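Each chain, letter by letter, is given below.
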Amino acid sequence: MAHQPTTVHRRDYSAPDYLVDHVALHFDLHQEQTTVHARLELRRNDSDNAQPQPLRLNGIELELLGLALDGVPLTQEDYRLDAESLTIERVPSQCTLEVITRIRPQENMRLEGLYRSGAMFCTQCEAQGFRRITFFLDRPDVMARFTTTIEADRDRYPVLLSNGNQVAQGQAAGNRHWVRWEDPFPKPSYLFALVAGDLACHEDRHVTASGRTVRLRIFTERENLDKTEHAMACLQAAMRWDEATYDLECDLNDYMIVAVGDFNMGAMENKGLNIFNTQYILARPETATDSDYEDILAVVGHEYFHNWTGNRVTLRDWFQLSLKEGLTVFREQQFTAAMGAAAVKRIQEVRGLRAAQFPEDAGPMAHSVRPDKYVEINNFYTATVYMKGAEVIRMYHSLLGQEGFCQGLALYLQRHDGQAVTCRDFLMAMAEANGIDLEQFGLWYSQAGTPCLEVHDEYEPGSGRYTLHIRQHTPATPGQPHKQPLHIPVIVGLLNAEGHDLPLRLENETQAITTGSRVLELRHERETFRFLDIPQRPIPSLLRGFSAPVKLDYAYTEDQLAFLFGHDSDEFNRWEAGQQLSARILLRWVNEGRGSIPERFRTAFRRTLCDTETDPALLAEALALPSENFLAEQMKVIDVEGIHIAREAMRCNLAEHLSEELRARYALCVEQGNKTENTAAAAGYRRLKNAVLGYLATLQNSTELQRCLDQYATADNMTDALAALALLVDSNASEAEASLADFYRRWQHEPLVVDKWLRVQALSSRSDTLARVIQLTAHPAFDIRNPNKVRSLLGAFAQGNPACFHDVSGAGYTFLADRVLELDGINPQVAARLVTPLSRWGRHDPRRSSCMHQQLERIYAQEGLSKDVYEIVARSLD
Ligand code: TYR
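The structure reproduced in this document is the subject of the present report. All values reported here derive from a predicted model rather than from experimental measurement.

### Some details on the overall build of the protein chain
In step 1: When its secondary structure is counted, the protein chain shows 26 helices and 31 strands.
In step 2: Counting only C-alpha atoms, the protein chain reaches 90 × 70 × 60 Å along its principal axes.
In step 3: Per-residue burial for the protein chain yields a buried fraction of 60% across its 878 residues.
In step 4: Here the contacts in the protein chain between residues at least 6 apart in sequence split such that 70% fall between residues at least 24 apart.
In step 5: Accessible surface for the protein chain amounts to roughly 34,200 Å². Of this, 48% is attributable to carbon and sulfur atoms.
In step 6: One way to put it: in the protein chain the 91 positive side-chain charges average out to a point 1 Å from where the 120 negative ones average out.

### What to know about the sheet that holds strand β20 (residues 267–268)
In step 1: Read across the sheet, five strands follow the order β17-β18-β19-β21-β20 without closing on themselves; strand pairing throughout is mixed. At either margin of the open sheet sits one strand with a lone partner, and together these are β17 (199–207) and β20.
In step 2: Note that β20 and strand β21 (residues 273–277) share two bridges and pair antiparallel. Residue pairing for β21: Ala267 is matched across the bridge by Phe276.
In step 3: This element, helix α1 (residues 229–246), spans β17, β18 (213–221) and β19 (254–260) of the sheet and lies at about 30 degrees to β17.
In step 4: In this fold helix α2 (residues 290–305) packs onto β19, β20 and β21, with an angle of close to 150 degrees to the strand it touches most, β21.

### Things to note about the sheet that holds strand β10 (residues 113–117)
Through backbone hydrogen bonds, the strands of a sheet pair up, either in parallel or in antiparallel fashion.
In step 1: A sheet is described by the order of its strands in space; here four strands give the open sequence β10-β11-β16-β13, paired in antiparallel fashion. Looking at strand neighbours, the two that pair on one side only are β10 and β13 (159–162), the edges of this open sheet. Taken pair by pair, the neighbouring strands of this sheet meet at an average axis angle of 20 degrees, ignoring direction.
In step 2: Two elements, β13 and strand β16 (residues 194–197), share four bridges in a ladder whose sense is antiparallel. For Val159, the partnering residue across the bridge sits in β16 and is Gly197.

### What to know about the site of the ligand
In step 1: Not every one of the 14 residues close to the ligand is listed here, only the nearest: Glu126, Glu269, Glu303, Glu325 and Tyr386.
In step 2: Measuring from a nitrogen atom of the ligand, one finds a side-chain N or O atom of Glu126 at 2.6 Å.
In step 3: In this structure, an oxygen atom belonging to the ligand sits 3.1 Å away from a side-chain N or O atom of His302.
In step 4: For the ligand, whose accessible area on its own is 340 Å², the fraction buried by protein is 97%.
In step 5: Class assignment for the residues of the shell around the ligand results in five nonpolar, four polar and five charged.

### Looking at the pattern of salt bridges
In step 1: The final tally for this structure, using the stated rule, is 73 salt bridges.
In step 2: A salt bridge links Glu641 to Arg848; the nearest nitrogen and oxygen atoms lie 3.4 Å apart. Note that Glu641 is positioned in helix α13 (residues 640–657) and Arg848 in helix α25 (residues 846–860), a separation of 207 residues in sequence.
In step 3: Residue classification places Glu641 among the partly exposed residues on the basis of a relative accessible area of 44%.
In step 4: For Arg848, a relative accessible area of 6% gives the class buried.

### Quick look at the pairing of strand β26 (residues 465–473)
Taken residue by residue, a regular strand's side chains alternate between the two faces of the sheet.
In step 1: As defined by bridge partners, strand β25 (residues 452–460) adjoins β26 across nine bridges and the pair is classed as antiparallel. Counterpart to Tyr459 in the pairing with β26 is Tyr466.
In step 2: The hairpin formed by β25 and β26 contains four residues between the paired strands, and Gly464 there has a positive phi angle of roughly 70 degrees.
In step 3: In the sheet, β26 pairs with strand β29 (residues 526–531) via six bridges, with the strands oriented antiparallel. Considered in β29, the bridge of His469 is made with Thr528.

### Quick look at helix α4 (residues 342–361)
In step 1: Along its 20 residues, α4 runs 26 Å from first to last C-alpha, staying within 8% of the 28 Å computed at 1.5 Å per residue.
In step 2: Of all the bends in α4, the largest measures some 35 degrees and sits at Arg354.
In step 3: Of all 20 residues that make up α4, 14 are buried, and the element is covered over most of its length.

### Describing the nonpolar core
Here is a general trend for soluble globular proteins: nonpolar side chains tend to be buried in one another's company.
In step 1: In terms of nonpolar packing, the biggest core is built from 282 residues, with Phe27, Tyr255, Tyr396, Tyr412, Phe426 and Phe531 touching the most fellow members.
In step 2: Look past the residues within four positions of Phe531 in its chain and what remains in contact with it is Gly464, Arg465, Tyr466, Leu468, Val492, Leu494, Leu504, Arg505, Leu506, Arg518 and Leu520.

### Regarding the packing of aromatic side chains
In step 1: Summed over all chains, the structure comprises 33 aromatic pairs.
In step 2: Ring pairing ties together the aromatic residues Trp241, Tyr246, Tyr255, Tyr304, Phe305, Phe330, Phe335 and Phe405, which thus form one cluster.
In step 3: Above the plane of the ring of Tyr666 lies Arg707, whose end atom (NZ or CZ) is 4.9 Å from the centre.

### Structural notes on unusual backbone geometry
In step 1: With an omega of -5 degrees, the peptide bond running from Glu126 to Ala127 counts as cis.
In step 2: Unlike most non-glycine residues, Asn175 shows phi in positive territory, near 55 degrees.
In step 3: With respect to the secondary-structure elements, Asn175 resides in the loop between β14 (165–172) and β15 (176–187).
In step 4: Assessed through its relative accessible area of 31%, Asn175 is described here as partly exposed.
In step 5: Although it is not a glycine, Gln700 adopts a positive phi angle of roughly 55 degrees.

### Focus: helix α8 (residues 558–567)
For the α-helix, the turn length of 3.6 residues means that residues three or four positions removed from each other point alike.
In step 1: Across the 10 residues of α8, seven count as buried, placing the element largely inside the fold.
In step 2: If you check which residues of α8 are buried, you get Glu558, Gln560, Leu561, Ala562, Phe563, Leu564 and Phe565.
In step 3: Buried residues along α8 sit against β27 (488–495), β30 (539–541), β31 (551–554), α9 (571–592), α10 (599–610) and α11 (616–623).

### Here's the deal with the side chain of Thr608
In step 1: Along the chain, the position of Thr608 falls in helix α10.
In step 2: When sequence neighbours within four positions are dropped, the list of residues in contact with Thr608 reads Phe565, Leu619, Ala622, Leu623 and Arg665.

### Topic: the environment of Lys756
In step 1: Take Lys756: it is sitting in helix α19 (residues 751–762).
In step 2: Sequence-wise, Lys756 and Gly694 are 62 residues apart; in three dimensions their C-alpha atoms are separated by 18 Å.

### Quick notes on the packing of α10 against helix α14 (residues 659–675)
In step 1: Here α10 crosses α14 at 20 degrees, and the two axes come no closer than 10 Å. If you check the angle between α10 and α14, you find them roughly parallel. In terms of crossing hand, the pair formed by α10 and α14 is left-handed. Together, Arg606, Thr608, Leu609 and Cys610 of α10 and Glu661, Leu662 and Arg665 of α14 make up the contact between the two elements.
In step 2: Grouping the constituent residues of the contact of α10 with α14 by class yields three nonpolar, one polar and three charged.

### Quick word on the state of the cysteines
In step 1: One pass over the structure, following the stated rule, counts zero disulfides.
In step 2: Here Cys125 stays unpaired: no disulfide links it, and the sulfur of Cys122, its closest cysteine neighbor, is 10 Å away.
In step 3: In this structure Cys669 is a free cysteine whose sulfur lies 11 Å from that of Cys610, the closest cysteine sulfur available.

### So, the packing of α9 against α13
In step 1: Viewed as axis vectors pointing N to C, α9 and α13 meet at an angle of 125 degrees, and their least axial separation amounts to 9 Å. Comparing the axis directions of α9 and α13 gives the class oblique. Handedness of the α9/α13 crossing: right-handed. Between α9, through Ser582, Ile585, Leu586, Trp589 and Val590, and α13, the contact on the second element is made entirely by Gly642, Ile643, Ala646, Arg647, Ala649 and Met650.
In step 2: Partitioning the contact of α9 with α13 into residue classes produces eight nonpolar, two polar and one charged.

About the cut-offs
- Residues numbered from 1 in each chain as written.
- Predicted model: local features only at pLDDT ≥ 70, side-chain atom pairs only at ≥ 80, totals over all residues.
- Heavy atoms only, no water.
- Helix = DSSP H or I, 4+ residues; strand = E, 2+ residues; numbered from the N terminus.
- Buried < 20%, exposed > 50% of the residue type's maximum accessible area, 1.4 Å probe, protein only.
- Contact = heavy atoms within 4.5 Å.
- Areas by Shrake-Rupley, 256 points an atom, 1.4 Å probe, with all protein chains shown as cover.
- Lys, Arg positive; Asp, Glu negative; His and termini not counted.
- Charge placed at Lys NZ, Arg CZ, Asp CG, Glu CD.
- Pairing = 2+ DSSP bridges.
- Axes fitted to C-alpha atoms, helices over the stretch in contact; angles between N-to-C directions.
- Near = heavy atom within 4 Å.
- Polar contact = N/O pair within 3.5 Å; in protein donor to acceptor, adjacent residues only side chain to side chain.
- Nonpolar A, V, L, I, M, F, W, Y, C, P; charged D, E, K, R; others polar.
- Salt bridge = Lys/Arg side-chain N within 4 Å of Asp/Glu carboxyl O.
- Expected span 1.5 Å × (residues − 1).
- Bend = angle between axes of the 7 residues up to and from the residue.
- Core = buried A, V, L, I, M, F, W, Y, C linked by side-chain atoms within 4.5 Å.
- Phe/Tyr/Trp six-rings, centres within 6.5 Å; stacked < 30°, edge-to-face > 60°.
- Lys NZ or Arg CZ within 6 Å of the ring centre and 35° of its normal.
- Parallel < 35°, antiparallel > 145°, perpendicular 65-115°, else oblique.
- Left-handed = near helix turned anticlockwise from the far one by under 90°.
- Disulfide = S-S within 2.5 Å.

See below:
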């Protein structure tokens, strides 16, 4: 790295010197170049200040063709241009600036700003893409009204879209046409969007609670129009839910979504014109799995909910990112929980948090929910900002209840509508609406690291007193050696010997709370909670529903865990007890050598397998052993091979002992699935069936192999076909190749299905997986310029296949570093995400960790490294 990029600090924030009241954009789209004519109506922000500041506009890789101030062309003496900005020393306190720039979207591989995806033009402006379109005050606290005119070839680009309402259109010379859009809502530039293409449209509508009709349109490439049904239904459900839950209506007459095949992230909430990765819109049962359907519900909901929490009230600066993302993820979680099995959803969220956020919080990239500094803001769209940010919002909710939370949100939106604000403004609204003090709670925004709760208990049989002692402790993280105690809601219940919740009365309370759970609020490093009238020593059910993003340390016996797994009234904690129990056994095997499976565990597992009362989707979660990554997190020095071997051995052992029950359950799921018309119920049966099939496949005999082949051959949906294919690929059976070839032949024209084909091979536990992944990078199906392909093949391999990626030869690391360097010259944002698995070098044995470290140093030494990759690598080596 030749020179060190600059670091931006939160403490350096200052209000903008100039504001933009209105901007008129004119895009002239051509195949080889695009000219952008921008007319900015500017105003000094600090007009009292006698010493006016120069006007500095952001702009990157723009060719400046013309510049005029209040109609007078400027010459080169009037302004300064550098790689990232345009500065005009003196401008009147109110003025009009016209800027003409030329850009080359067809060469834009970063997928930031204006770029091409297939045959269409589209934009991505969050966080700082707008400065790649024209010179602008590209910061979220500058909110302008936008008028956008798009001119393009009529045949290639019959559909021309931007934010707001279409107000005019016309024909132009040379078979061209134009359309003008006006967005009535002032917005920051990161919410700007433009799309041009030959697109098909699925149109429907939503009538709001107050009786207004909103026209809904989903645009896709023509061949995908038959895959938009589900996304449309999700959008309508999200609109209804936000009205019913928070009394929030869509504020537009037109709401548009466009699905594009090349996209760095999941989707983007541009005002009135969301742009989505096709992955989160397109679905038909033959092409998309049940989890794809669930993801679509979540992401469509998420982007819609941003319209209030993100767009109407936006961010003052990028350090506040979690203000919109944490809050919107939480709203999305509430929505999806309301649409389906809430416990299953919660389990998946916590699984995701532990897999992605806990390791981040324990590694070199650890940062608080509201970070203090960044080199490249794109690196801070992290699990911490999104997932832990959502957990922080959930804790407000646990402390205040749904009603108090609603009141707080209402005050926040009413007070700050149309403003660009901070996390603190949200906290103040919550505190004031509820008349409580949340000062200490604010530490959740500034302190990084995963807190640990150590819990001890005592029971005095004579007096019926039961005492919980809780100590909280947050480990040091880079730049934060000392931590203060946090305000933590811990939801608990106490179970009696029959497994029922006891009524809970704390010392100093006169009446027992009759419900089974209650919230304990921790504020000090050590707290004691004394419960009265407890007739026998209870088993505590702690942190119900995962009420705080912490690690819990209580010395449960294996008997107690098995008991909670069988009886806890909190479905999340029932699952959690099962996970703790199996993790405990697995880690013992890793550390002390493999033993037998304790009878109590096998009994609990059998009971779950034969349970016909509980939601099958929940049973599938309960039958899944903790992931290799989760187990790795529990070890001081990760034993990659040991974990893999122990986990596979346990799966095999369970299958051998319970093969009768597994076969019976498989048959029952098939039968029940065939009988049901209800799609959610059918998905639940499929999930359980495929979990069971996974165990049966470990038996490696011809019956079970045939079962997988049959399921693959007869499946009428992607969920079943892909589950069977994955098991075949893992099985090493010669039939696997034929199935893979068949799958590709059948689906090679569906990019999203090809992604699955790549992923299934990248995730295989076969010993030749790395060789196969290397081969696949040269396959026509792979394209390193497409982020979905990169994530499906390279991302899945490096993050989802620890046993193969961490091969002791170090070949996986070298391969990944090579791909990072290759991709860095193309799409730095995606390259930086790909490098993350290497940053965890410190957790591995000396041999692996030195190989990983070497690869990081090799990347670091590369000339012309992007800011994105530089930041991750530099912090990892620190
Ligand atoms: N704001 C988007 C969301 O809904 C995420 C996003 C961020 C999308 C940056 C694209 C991008 O480049 O979460």
